[in-house]
Structure formats: structure tokens, C-alpha cells
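Each chain is listed here by its residues.
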Protein chains: 2
Amino acid sequence: MFSDRLERARTQLQTKGIDALLVGPSADLRYLVGYEALPLERLTLLIVPAEGVPQLVTPELEIARAQDSGATRFVELRPWGETEDPIAIVRDVLGGPGTFAVQDRLWSSFTLQLQDAVEGSTWVPGTQVMRELRIIKTPEERELLREVGAAIDRVHAQVAALLRPGRREREAGRDIAELIREDHDEVNFVIVGSGPNGASPHHETGDRILEEGDAVVVDIGGTRQGYCSDCTRNYVVGHPPEGYDELHNVLEAAQAAAVQAVAPGVTAESIDAAARDVITEAGYGERFIHRTGHGIGVEEHEEPWIVAGNDLELRDGMAFSIEPGIYVPDRYGARIEDIVLVTSGGVENLNNRPRGFVVAG
Amino acid sequence: MFSDRLERARTQLQTKGIDALLVGPSADLRYLVGYEALPLERLTLLIVPAEGVPQLVTPELEIARAQDSGATRFVELRPWGETEDPIAIVRDVLGGPGTFAVQDRLWSSFTLQLQDAVEGSTWVPGTQVMRELRIIKTPEERELLREVGAAIDRVHAQVAALLRPGRREREAGRDIAELIREDHDEVNFVIVGSGPNGASPHHETGDRILEEGDAVVVDIGGTRQGYCSDCTRNYVVGHPPEGYDELHNVLEAAQAAAVQAVAPGVTAESIDAAARDVITEAGYGERFIHRTGHGIGVEEHEEPWIVAGNDLELRDGMAFSIEPGIYVPDRYGARIEDIVLVTSGGVENLNNRPRGFVVAG
């Protein structure tokens with residue numbers, strides 16, 4: 001798998017006339033060679049040249065960790081000791097000025113040092129190499145996304161019982177995290193936005209106590225075998241607040257319209273528009289304050305971005321969220337989110353819990 | 001406090017002829033304006049110009065979070081919507097080519113886009129501005145480091161009881177994390193390296209079961225009121241393994257020698273040498289495989305680096321770890337770590353548990 005990915009990276013480099021790809025600790029490093037390196041002040045850098053064997057510049061202290069990851073089957077190690085300069089080692093590996101792609105999240109301190117050390121070079125964003133690899137999921141990746149999608153569905157099936165009146169968001173959130181952990185390797189995030197807190201899309205959990213008549217947004221995700229889940233459903237404690245029923249109906253229609261619009265050849269922005277048009281027509285347009293979705297895979301947010309202005313054409317194998325939301329400040333919010341996979345025939349939904357709000361408590 | 005820090009940053013900019021400092025989500029952002037921003041694909045960027053009001057470029061979705069942090073008392077918000085280009089906003093704020101300092105951990109994707117957008121500029125590492133601010137702790141910071149040092153000491157006082165034979169490292173580690181959480185806001189790391197695992201300085205915890213005669217390295221740290229603790233002590237289960245007693249005596253002498261060497265005007269590398277010389281003379285030189293220490297403050301690893309080749313002169317108010325170690329592959333390791341503060345009179349130790357190994361189990 002990793003040899004294949006490295007080969008595809010080399011093909012991208014050759015096609016685009018880039019001499020090497022430089023990758024620090026990141027999802028791309030995991031993706032390319034399976035090494036989960038720690039982001040440290042001591043530089044770890046994978047150098048994938050357009051031709052030849054990838055080199056992994058590694059602090060000596062991290063050699064054992066690099067070896068345990070299995071990455072050393074695909075790379076040559078270039079260890080550096082505590083008093084050596086790793087930038088000089090990278091410069092030697094690069095062998096002179098050229099065009100180099102820098103992984104998106106490499107710390108700028110390293111990039112600026114490299115720019116200084118290999119003067120006269122051209123530096124381009126690493127996504128020029130990685131986008132094409134990561135945006136199309138292989139059959140194995142699709143299967144892993146299906147599995148992690150089913151895992152988060154099983155969590156949502158147990159959430160209603162946890163949202164009892166009198167409990168704090170934080171307590172419910174802790175229980176949900178436990179449920180995620182049972183079937184994921186890692187909990188990525190838990191949002192329990194009750195009442196007015198649901199109107200802040202990025203509210204996590206707080207001290208607010210759940211009450212009868214609260215609407216609650218529950219947006220949760222984890223990582224399982226290296227791939228991420230992300231799914232949002234809405235709950236009401238006892239009964240829905242005033243006006244919520246109608247709002248949620250609009251949201252369901254908008255989310256369904258966007259899912260139905262997914263097919264190869266359709267643009268990312270048209271999926272955003274499909275959801276937004278329904279919400280706007282119903283008079284809630286100003287309350288849908290974010291993009292419709294984001295890609296997902298080894299990271300919880302990655303390309304493609306499902307947003308106005310992105311005319312990228314969808315292709316078989318892309319995976320992303322469809323998550324329109326409607327937010328009424330000081331009262332409540334609602335968001336419905338599924339991960340979908342573009343297939344040759346149209347779309348496959350990786351989250352399959354009912355989309356109506358669930359009565360809890 | 002934050003106005004003072006911003007003022008000092010401006011002074012650095014003016015002194016060094018830098019037009020502005022650009023800071024993304026990072027410890028520096030927390031340090032300068034108290035805002036703990038999430039590192040997202042949506043750009044958050046603080047721009048501190050050499051003259052004038054700092055600007056905070058913020059995704060609209062993050063405005064509430066930025067406001068809740070209190071940062072808006074010191075900065076002007078430059079919000080950007082989901083379909084806007086934040087790089088264009090930064091370019092407008094910068095107002096043309098110049099010399100700009102980029103915070104060390106800003107994602108390279110943003111730096112490369114900025115370099116493209118404001119062509120003809122000079123880009124320098126942000127540490128040129130931040131180093132001088134962060135490396136000297138103010139009286140308030142010293143007090144916070146004292147408090148968090150005492151907090152981790154209280155945890156070490158309870159560790160021996162947790163290292164019973166038959167328990168796994170992971171179980172002991174989980175209990176230690178609970179203890180850290182009681183008196184810190186966050187657990188940063190828990191290392192429980194038993195027997196041969198202790199010989200890997202970066203081993204965290206594993207499935208290994210503690211046995212009679214194990215030596216165990218316990219290196220732990222957390223964050224409390226924004227400042228970090230980091231302290232290592234050694235334990236033995238029941239009784240020490242063969243040869244360990246002598247090795248630990250050497251290590252104690254080395255660590256004490258380095259602490260005693262600390263004073264204003266002394267170089268960082270001479271502190272490393274003070275510990276290393278003792279270990280080398282005793283014949284363990286090749287088994288001390290890392291630098292002697294690292295600075296600490298709002299980050300667990302920051303400047304100054306206590307390492308051969310660093311001729312930085314210590315000054316009143318610097319805080320760093322002194323943590324020599326001796327590692328015997330396949331058998332055991334030992335490391336003693338205290339955080340020390342350089343004072344006008346010499347040195348103040350912020351960790352004060354006895355340094356001999358502790359019999360546990």
C-alpha cells in the first residue's frame with residue numbers, strides 16, 4: 001500500500017516538474033509511509049525525490065519509533081545527533097537548488113530555514129502533490145471509511161439515553177466520548193450544543209444543564225484504523241422548542257437535496273448550492289452560516305471543500321461531509337451531517353441513522 | 001499583562017527593522033493576546049505591526065471564541081466569511097512588501113501563500129521577535145512556574161504506591177494522569193518506562209507488566225494556568241536491578257553538578273558539559289544520548305536549549321530543565337529532571353522531591 005502511494009507521489013512530482021516533496025510530521029507522513037511522528041522542535045522530514053529512494057531525516061532519539069512504525073521498509077534513514085544541524089542534512093539530500101513541494105503543515109520555522117539553506121529554489125505547496133493522491137479514496141480506504149462510519153452510527157444509536165434533563169453537556173459529552181472510544185482508536189471531538197449553545201457551530205461542551213424543551217446538536221467523530229468519522233444528529237429533551245419542528249423539516253430537506261445532487265462530474269459548489277437553496281427559499285438563508293461540507297479521510301477536514309466558489313468536479317472515490325445547519329442565536333441550532341462517497345453510479349451514504357430529530361430524556 | 005507583551009513585541013520589531021509579526025494559532029498567540037485558537041484549515045492570523053493596533057484575521061465562525069478569550073481588548077478583528085480569501089485580507093493589512101516575521105509553527109501552506117501574495121518581501125523566523133520576550137520570565141511567570149512545579153512534585157509524592165508488581169505500565173500511567181489532572185488544567189504527557197522500556201527516552205507507556213527488580217523511569221508533565229511542569233524521578237519495584245545503584249549515584253552527581261553550575265553569565269553549553277563530564281568520567285558517556293535540557297514556560301519545550309554548541313549566556317529569569325539520563329539498552333534507563341530558574345543570585349530549583357530512586361511496590 002505504502003509503496004504504491006509513494007509511487008503515485010513520484011508520478012505527481014514528475015508530471016509537475018517538482019524535484020522533491022518534503023513532509024514533516026503530519027497526516028501526509030502517515031499516509032505515505034505509515035509513520036506517526038511527533039511534531040517536535042527536533043526536525044523529522046521525509047524527502048520524496050522525483051526519482052530514487054525516499055530519505056527520512058530523523059532525530060537519533062526517534063529512530064526506534066520510526067523503525068517500529070515499519071516506515072523503514074520504504075525509506076532510508078538519515079539520523080542526526082543532538083549537536084548536528086538537520087537542515088544541513090536536508091540540504092545535502094536535496095543536492096542543490098530546485099523546485100520543492102513543502103507539506104502544508106510543516107512548521108514555517110523549518111521552511112524558512114530551508115529557503116535560506118537552498119537559495120535560488122522554488123517552493124510550492126505540498127498539496128500540489130498530495131491533493132490528487134488523497135482526494136480519491138482507494139477501495140481499501142473506502143472500506144475503512146464505511147467501517148468507521150458504521151462505528152459512529154452505533155454511537156449515535158446510544159446518545160438519546162444520555163441526554164436526560166438535569167445533566168450537564170460536559171457529563172453527557174464524557175459518556176459519549178467513552179462510547180466512541182469503544183469502537184475507535186481515538187476520540188477526535190465531541191460537540192454537545194444544548195439550547196442557545198447549539199447556535200454556535202463550534203461550541204464543544206460546557207456546564208449548561210439540559211432542560212425539558214431543549215434542542216441539542218450532537219456532532220461527534222473519532223479515528224479508527226487511521227480513518228475519521230464525523231456525524232451530526234439533533235436531539236430534543238422531552239419535546240421540541242417552539243418553531244424547531246418546522247426548522248428541522250427544512251434542514252432535512254436541504255440535506256437530502258445536497259446528498260441527491262452528488263454524482264461524478266457535478267461541481268463541489270453545486271452541492272453547497274443544493275442545500276443552501278432549500279434553506280434560503282424557506283427564509284433561513286442568513287442562518288446557514290458555514291460551508292456545506294469538507295472532505296474526510298486520514299484527516300477529519302481535508303479536500304474537497306464543499307463551498308461556494310469551488311468549481312472542482314466531483315469524481316468517483318471522493319469522500320466528504322454534507323452538513324447544512326440552521327442557527328438561531330440565543331435559542332437553538334440544528335445541523336444534520338453525513339459522510340458520503342462519490343461512486344461511479346452517484347452517491348453512497350456512509351452514515352445511515354434516521355435524520356429526523358430524536359426525542360431524548 | 002498582554003498590552004505589555006504586545007508593547008515589548010513592537011519594541012523588538014522596531015529594534016530589528018521588521019515591519020510586522022504574523023502569528024497563527026500557537027503558544028505565541030496565547031502568550032501575546034491570551035487567545036487559544038484552534039489550528040484549522042481556516043486561517044486565524046494575528047498581525048502585530050511595528051506601529052499601530054494589532055489586527056486579528058479570524059474566520060467568522062471563530063469570532064465568538066476570539067471574543068470569549070478577551071483578545072478583542074487588544075486587537076481589531078478582521079473577520080472573513082466562508083467564501084472570502086483570508087490571504088487577500090492579510091495582504092491588505094500588510095499594505096505592501098516589507099520585512100515580516102512569521103511565527104515558527106504557522107503552517108507552511110499559509111506562509112507560501114503569503115510569500116506569493118506579497119512578493120518582494122523578506123520573511124524571517126518569528127523567533128527573532130518572540131525569543132527575547134519568552135526566554136526571560138517575568139515575576140508573574142516565575143510564580144506560575146513555581147506553582148506548577150510544586151503541583152507536579154505532589155504527583156511524584158504519590159507515584160510509588162501505583163507501581164506495584166503485576167500492574168501494566170499503561171494502568172499506572174492512567175492513574176498518574178488522573179493525579180496530574182487533579183491539580184493541572186491539562187495532562188501533557190506521562191512516561192512510565194519500566195525495565196528495558198526505560199532505555200528508550202521517548203517510550204510513553206505500554207503493555208509491559210511491572211516485575212520485582214524493575215527500574216522504572218517516570219517522566220510527567222502538565223499545564224496549569226497556561227504554564228508547564230516537567231519532572232522525572234526513578235523508581236524500583238521491590239529492589240534495584242544489578243548495577244543500577246551505582247549508575248543512579250553517578251546520575252545524581254551529574255544532575256547536581258549541572259544545577260550547581262547554573263548562574264547568570266554562564267553559557268547553556270557549559271551546563272550540558274557539567275552533567276556530561278561527570279557521566280563520561282564514570283564511564284557512561286556513550287549512554288547519555290540526549291541534550292541536558294530545554295527551556296519551559298507556556299510550552300513544554302522552548303528556548304533556551306541546554307546543549308553542546310549553544311553558547312547563549314544564561315540570564316536572570318530563564319527557566320529550563322536539567323535532565324541528564326543514562327540508558328542501558330535491553331536492561332533499564334534512569335533520568336533525573338528538575339526545572340530550574342536562573343536568578344540574580346544563581347539558581348532556584350522548582351522541583352524539590354528527593355532525587356534518589358524510590359523503592360515502590
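Here the structure is a predicted model, which means the values were calculated and not measured. (Residues numbered from 1 in each chain as written. Chains lettered and ligands numbered in written order. Predicted model: local features only at pLDDT ≥ 70, side-chain atom pairs only at ≥ 80, totals over all residues. Heavy atoms only, no water.)

1. Some thoughts on the environment of V347(B)
Residues and elements named next belong to chain B.
Here is step 1: Examined against the element boundaries, V347 turns out to sit in strand β17 (residues 346–349).
Here is step 2: When its relative accessible area of 33% is taken as the criterion, V347 is described as partly exposed.
Here is step 3: C-alpha separation for the pair V347 and V259, spaced 88 residues apart in sequence, amounts to 7.4 Å. (Helix = DSSP H or I, 4+ residues; strand = E, 2+ residues; numbered from the N terminus. Buried < 20%, exposed > 50% of the residue type's maximum accessible area, 1.4 Å probe, protein only.)

2. Side note on the pairing of β17(B)
Residue and element names in this part refer to chain B.
Here is step 1: Judged from the four bridges that link them, strand β16 (residues 338–343) and β17 form a sheet pairing that is antiparallel. When the sheet's bridge partners are listed, L341 is paired in β17 with E348.
Here is step 2: Taking the residues between adjacent antiparallel strands as the criterion, β16 and β17 are bridged by two residues. (Pairing = 2+ DSSP bridges.)

3. Digging into the sheet that holds strand β4 (residues 76–80) of chain B
Residues and elements named next belong to chain B.
Here is step 1: One open sheet holds the six strands; their spatial order is β4-β3-β2-β1-β5-β6, and the pairing between them is mixed. Each of the sheet's edge strands pairs with one partner strand only, and the pair in question is β4 and β6 (122–125). Taking the axes of each pair of neighbouring strands and ignoring which way they run, one obtains an average angle of 25° across the sheet.
Here is step 2: Bridge count for strand β1 (residues 20–23) against strand β2 (residues 45–49) is four bridges, and the pairing is antiparallel. Residue L22 lies in a different strand from β2, and its bridge partner there is I47. (Axes fitted to C-alpha atoms, helices over the stretch in contact; angles between N-to-C directions.)

4. Considering the interface of chain A and chain B
Here is step 1: On the side of chain B, 33 residues touch chain A, which itself brings 33 residues to the contact.
Here is step 2: Here chain A meets chain B over a buried area of about 2800 Å², counting both sides, of which 57% is carbon and sulfur.
Here is step 3: Per-residue buried area on chain A facing chain B is highest for E41(A), L112(A) and H202(A); these three make up 21% of the total on that side.
Here is step 4: At the junction of chain A with chain B, the criterion picks out three salt bridges.
Here is step 5: E41(B) is paired through a salt bridge with R291(A); the nearest N and O atoms lie 2.6 Å apart.
Here is step 6: Linking chain A to chain B there are 17 residue pairs in polar contact (both at pLDDT 80 or more).
Here is step 7: Among the secondary structure elements, those contributing two or more residues to the side of chain A that touches chain B are α5 (108–117) and β6 (122–125) of chain A. (Contact = heavy atoms within 4.5 Å. Buried area = accessible area lost by both parts, 1.4 Å probe. Salt bridge = Lys/Arg side-chain N within 4 Å of Asp/Glu carboxyl O. Polar contact = N/O pair within 3.5 Å; in protein donor to acceptor, adjacent residues only side chain to side chain.)

5. With respect to the domain arrangement of chain A
Residue and element names in this part refer to chain A.
Here is step 1: For chain A, the domain assignment lists domain 1 (2–134) and domain 2 (139–360).
Here is step 2: For domain 1 versus domain 2, the separation of C-alpha centres amounts to 35 Å.
Here is step 3: Contacts between domain 1 and domain 2 engage nine residues on the former and eight residues on the latter.
Here is step 4: Carbon and sulfur atoms make up 27% of the area that domain 1 and domain 2 hide from each other, which totals about 780 Å².
Here is step 5: On inspection of domain 1 and its partner domain 2, the count reaches six salt bridges.
Here is step 6: Where domain 1 touches domain 2, the interface holds eight residue pairs in polar contact (both at pLDDT 80 or more). (Domains from an automatic or database assignment.)

6. Description of helix α7 (residues 139–156) of chain B
An α-helix turns once every 3.6 residues. As a result, residues three or four positions apart point the same way.
Here is step 1: Compared with the 26 Å implied by 1.5 Å per residue over 18 residues, the 26 Å span of α7(B) between its first and last C-alpha is a close match.
Here is step 2: Listed as buried for α7(B) are E141(B), R142(B), L144(B), L145(B), V148(B), G149(B), A151(B), I152(B), D153(B), V155(B) and H156(B). (Expected span 1.5 Å × (residues − 1).)

7. A look at the relation of the copies chain A and chain B
Here is step 1: Expressed as a screw transformation, the operator carrying chain A onto chain B has a rotation angle of 180° and an axial translation of 0.0 Å, and the superposed copies differ by an RMSD of 0.0 Å. Such values leave the two copies arranged in the relation of a two-fold axis.
Here is step 2: When the interface residues of chain A are mapped onto chain B, 100% of them again lie at the interface, so the same face is used by both copies. (Least-squares fit on C-alpha atoms with pLDDT ≥ 70 in both.)

8. Details of the confidence of the model for chain A
Detailed conclusions should not be drawn from predicted coordinates in areas where pLDDT is low.
Here is step 1: Per-residue confidence for chain A gives a mean pLDDT of 97, with 100% of residues at or over 70.
Here is step 2: Scored as a complex, the prediction yields pTM 0.93 and ipTM 0.92. (pLDDT = per-residue confidence, 0-100.)

9. Looking at the sheet that holds β6(A)
All names here are of chain A.
Here is step 1: Taken together, the six strands give an open sheet; going across it, the order is β4-β3-β2-β1-β5-β6, and neighbouring strands pair in mixed fashion. Each edge of the open sheet carries a strand with a single partner, namely β4 (76–80) and β6. On average, each strand axis in the sheet is tilted by 25° relative to the strand beside it, whichever way the strands run.
Here is step 2: Seen against the sheet, helix α1 (residues 2–16) touches β1 (20–23) and β2 (45–49) and runs at an angle of roughly 60° to β2.

10. Concerning the state of the cysteines
Residues and elements named next belong to chain A.
Here is step 1: Applying the stated rule across the entire model yields zero disulfides over all chains.
Here is step 2: Left without a disulfide partner, C231 is nearest to the cysteine sulfur of C228, which lies 14 Å away.
Here is step 3: On the basis of relative accessible area, C231 is assigned to the buried category, the value being 0%. (Disulfide = S-S within 2.5 Å.)

11. With respect to the environment of G166(B)
Residue and element names in this part refer to chain B.
Here is step 1: Tracing the backbone shows G166 in the loop between α7 and α8 (169–183).
Here is step 2: By relative accessible area, which is 49% here, G166 ends up partly exposed.
Here is step 3: With 60 residues separating them in the primary sequence, G166 and G226 have C-alpha atoms 36 Å apart.
Here is step 4: Sequence-distant contacts of G166, that is, excluding residues within four places in its chain, are made with I209 and L210.

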